[in-house]
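So you can see what is in the structure, the chains are spelled out below.
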Amino acid sequence: MTGEAFMTNNVEEVLFFMRHPLLSQTQYEIAIPIKIEEDVIAVFDIQQTSDHPKFTSNDLQLMTA
């Protein structure tokens, strides 16, 4: 929505999160916009369940690199 990278370790707190029926156990998410100049052409989205370690700021930095 903002064109900026986004990370959360609790999708229930995110007003704009839309749960996908096939990914019903998602708890954590990182979303990285793929841009050409200022236009977002795609989004690289990683979703995890609570069975995995929470995302860190290092994870977000690595994905945006």
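Conventions and cut-offs
As a convention, each chain's residues are numbered from 1 in the sequence order in which they are written. Local features in a predicted model are, by the rule used here, given only for residues with pLDDT of at least 70; side-chain atom pairs are given and counted only at 80 or more, and totals for whole chains, interfaces and linings are based on all residues. Water and hydrogen atoms play no part in the side-chain values, which are based on all heavy atoms of the structure. Each helix is a run of H or I in the DSSP string that is no shorter than four residues. Each strand is a run of E no shorter than two, and both are numbered from the N terminus. Buried, partly exposed and exposed residues are distinguished by accessible area as a fraction of the type maximum, computed with a 1.4 Å probe on protein chains only: under 20%, between the cut-offs, and over 50%, respectively. Any N or O atom pair separated by 3.5 Å or less is treated as a polar contact, with the protein-specific requirement of one donor-capable and one acceptor-capable atom, and with residues adjacent in sequence counted only for side-chain atom pairs. When a carboxyl oxygen of Asp or Glu is within 4 Å of a side-chain nitrogen of Lys or Arg, the pair counts as a salt bridge. Exposure above 30% relative accessible area and the lack of any salt bridge qualify a residue for a patch; like charges then connect within 9 Å, and the nonpolar side chains Val, Leu, Ile, Met, Phe, Trp and Tyr within 5 Å. For accessible areas, the Shrake-Rupley method is used with a probe of radius 1.4 Å. Any residue's cover is judged against the shown protein chains and nothing else. The contact rule is simple, with two residues in contact once any of their heavy atoms fall within 4.5 Å. The pairing criterion for strands is at least two bridges between them, as found by DSSP.

1. As for the side chain of Thr8
Line of reasoning, step 1. With respect to the helices, strands and loops of the structure, Thr8 is situated in strand β1 (residues 6–8).
Line of reasoning, step 2. Relative accessible area serves as the criterion here: at 11%, Thr8 is assigned to the buried category.
Line of reasoning, step 3. Here Asn10 takes part through its backbone nitrogen, which lies 3.1 Å from a polar atom of the side chain of Thr8.

2. Examining the pattern of salt bridges
Line of reasoning, step 1. In the structure shown here, the tally under the stated rule is one salt bridge.
Line of reasoning, step 2. Here Glu12 makes a salt bridge to Arg19, at a shortest N to O gap of 2.4 Å.

3. Structural notes on a nonpolar patch on the surface
Line of reasoning, step 1. A contiguous nonpolar surface patch, about 370 Å² in accessible area, is contributed by Ile34, Ile36, Ile41 and Phe44.
Line of reasoning, step 2. Take Phe44: it is sitting in strand β3 (residues 39–48).
Line of reasoning, step 3. Relative accessible area serves as the criterion here: at 39%, Phe44 is assigned to the partly exposed category.

4. A few points about the environment of Phe55
Line of reasoning, step 1. Structurally, Phe55 can be placed in the loop between β3 and α1 (57–64).
Line of reasoning, step 2. Expressed as a C-alpha distance, the spacing of Phe55 and Thr8, which sit 47 residues apart in the sequence, is 7.6 Å.
Line of reasoning, step 3. Not counting residues up to four positions away in its chain, the partners in contact with Phe55 are Met7, Thr8, Asn9, Tyr28, Glu29, Ile30, Ile46 and Gln48.

5. Brief notes about the pairing of strand β2 (residues 28–36)
Line of reasoning, step 1. The pairing of β1 with β2 spans three bridges and is classified as antiparallel. In the sheet register, Thr8 faces β2, and the bridge partner there is Glu29.
Line of reasoning, step 2. Once β2 ends, the chain turns through two residues before running back antiparallel as β3, passing Glu37 with a positive phi of about 55°.

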